[in-house]
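Chain by chain, the residues run as shown.
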Amino acid sequence: MAIERTFSIIKPDATDRNLTGAINAVIEQAGLRIVAQKRIRMSRAEAETFYAVHKARPFFGELVEMMTSAPVVVQVLEGENAVAKYREIMGATNPDSAAPGTIRKQFAKSIGENSVHGSDSVENAAIEIAQFFSGNEIVG
């Protein structure tokens, strides 16, 4: 199996409730390593760039507002098949549909306030990581 890196965001709905440590515990218990992490206040420009793929969708403005409403924790996770593994432990976008034990089942408030973001491919992970981290900030 390939060692990969993926990108994660612990979203404002989770940081507001002091869930960073609890979410990190789930990540680490699943066998992923947190090789970079920082708490930031995402700017409007950063959020619009990050979610540019959704710009034409009706929820874009609301998404940008939510992501800039409070601090987030951006992370680089590393492990075997990290992208797929993290998507599995995040759970379905809708917490009502998420499997027991997943981050979203345990912590999400709603489809919109679903506590975490994770990259959907190795290629997108590299792009997302580069938006928030320089190489010397990632310590494997």
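Residues numbered from 1 in each chain as written. Predicted model: local features only at pLDDT ≥ 70, side-chain atom pairs only at ≥ 80, totals over all residues. Heavy atoms only, no water.

Student: Help me understand the overall build of the protein, please; the structure alone is not making it clear to me.
Tutor: Within the protein, the regular secondary structure consists of seven helices and four strands. When its helices and strands are written in sequence order, the protein yields β-α-α-β-α-α-β-α-α-β-α. For the protein, the C-alpha radius of gyration of 14 Å lies close to 14 Å, the compact-globule estimate for 140 residues. Reported as C-alpha extents along the three principal axes, the dimensions of the protein are approximately 40 × 35 × 25 Å. For the protein, the residues scored as buried account for 48% of the 140 residues in total. Partitioning the intrachain contacts of the protein with sequence separation of at least 6 by distance along the chain shows that 77% fall at a separation of at least 24. For the protein, the accessible surface area stands at approximately 7000 Å², while carbon and sulfur atoms represent 51% of it. The average position of the 15 basic charges and that of the 17 acidic charges among the side chains of the protein differ by 3 Å. (Helix = DSSP H or I, 4+ residues; strand = E, 2+ residues; numbered from the N terminus. Rg over C-alpha atoms; globule rule 2.2 N^0.38 Å. Buried < 20%, exposed > 50% of the residue type's maximum accessible area, 1.4 Å probe, protein only. Contact = heavy atoms within 4.5 Å. Areas by Shrake-Rupley, 256 points an atom, 1.4 Å probe, with all protein chains shown as cover. Lys, Arg positive; Asp, Glu negative; His and termini not counted. Charge placed at Lys NZ, Arg CZ, Asp CG, Glu CD.)

Student: Any chance you could explain the sheet that holds strand β1 (residues 3–10) here in plain terms?
Tutor: In any sheet, the strands associate via hydrogen bonds between backbone groups, in a parallel or an antiparallel arrangement. Pairing within the open sheet is antiparallel, and its four strands lie in the order β2-β3-β1-β4. Looking at which strands have only one partner, the edges of the open sheet turn out to be β2 (33–40) and β4 (116–118). Recorded for the sheet is a direction-independent mean angle of 20 degrees between the axes of neighbouring strands. Note that β2 and strand β3 (residues 72–80) share seven bridges and pair antiparallel. Residue pairing in the sheet places Gln37 in a bridge with Gln75 of β3. (Pairing = 2+ DSSP bridges. Axes fitted to C-alpha atoms, helices over the stretch in contact; angles between N-to-C directions.)

Student: Teacher, can you tell me more about unusual backbone geometry here?
Tutor: Glycine aside, negative phi is the norm for most residues, and most peptide bonds take the trans geometry. A positive phi angle is found at Asn18, which is not glycine, with a value near 55 degrees. Among the secondary structure elements, Asn18 is positioned in the loop between α1 (12–15) and α2 (20–29). Positioned with a positive phi, Ser115 is a non-glycine residue whose angle comes to about 75 degrees. On the secondary structure map, Ser115 appears in the loop between α6 (103–107) and β4. In this structure Ser115 comes out as buried when scored by relative accessible area, which is 0%.

Student: When you look at helix α4 (residues 60–67) in this model, what are you seeing that I'm missing?
Tutor: Since the α-helix packs 3.6 residues into each turn, any two residues three or four apart lie on the same face. Buried within α4 we find Phe60, Leu63, Val64, Met66 and Met67. Down the axis of α4, the sector holding all buried residues measures 165 degrees, keeping them to one side. Here the buried face of α4 lies against β1, α1, α3 (44–50) and β3. (Arc of directions from axis to C-beta.)

Student: Please clarify how the layout of surface pockets should be interpreted in this entry.
Tutor: It is the rolling of a water-molecule-sized probe over the atoms that shows where space remains empty. By volume, the largest pocket is sized at about 780 Å³. Lining of the largest pocket is provided by 28 residues; of these, Lys11, Tyr51, His54, Leu63 and His117 occupy positions nearest its centre. Going through the elements one at a time, α3, α4, α5 (82–90), β4 and α7 (122–132) are the ones with two or more residues in the lining of the largest pocket. With four residues, the single largest contributor to the lining of the largest pocket is α7. Per-class residue counts for the lining of the largest pocket are 10 nonpolar, 11 polar and seven charged. (1 Å grid on protein atoms, 1.4 Å probe; cavity = no way out; pocket = protein on both sides within 12 Å on 5 of 7 lines; lining within 4 Å. Points joined across faces, edges and corners; volume = space filled by probe spheres on them. Nonpolar A, V, L, I, M, F, W, Y, C, P; charged D, E, K, R; others polar.)

Student: What's the story with the UniProt feature "binding site: ATP" (unreviewed entry) in the protein in this structure? I'm lost.
Tutor: Feature annotation in UniProt places "binding site: ATP" (unreviewed entry) on Lys11, Phe59, Arg87, Thr93, Arg104 and Asn114, given in this structure's numbering. Lining the largest pocket, from the residues just named, are Lys11, Phe59, Arg87, Thr93, Arg104 and Asn114. Along the polypeptide, Phe59 turns up in the loop between α3 and α4. Position of Thr93 among the secondary structure elements: in the loop between α5 and α6. (UniProt positions renumbered as here; feature names shortened; annotations may be inferred.)

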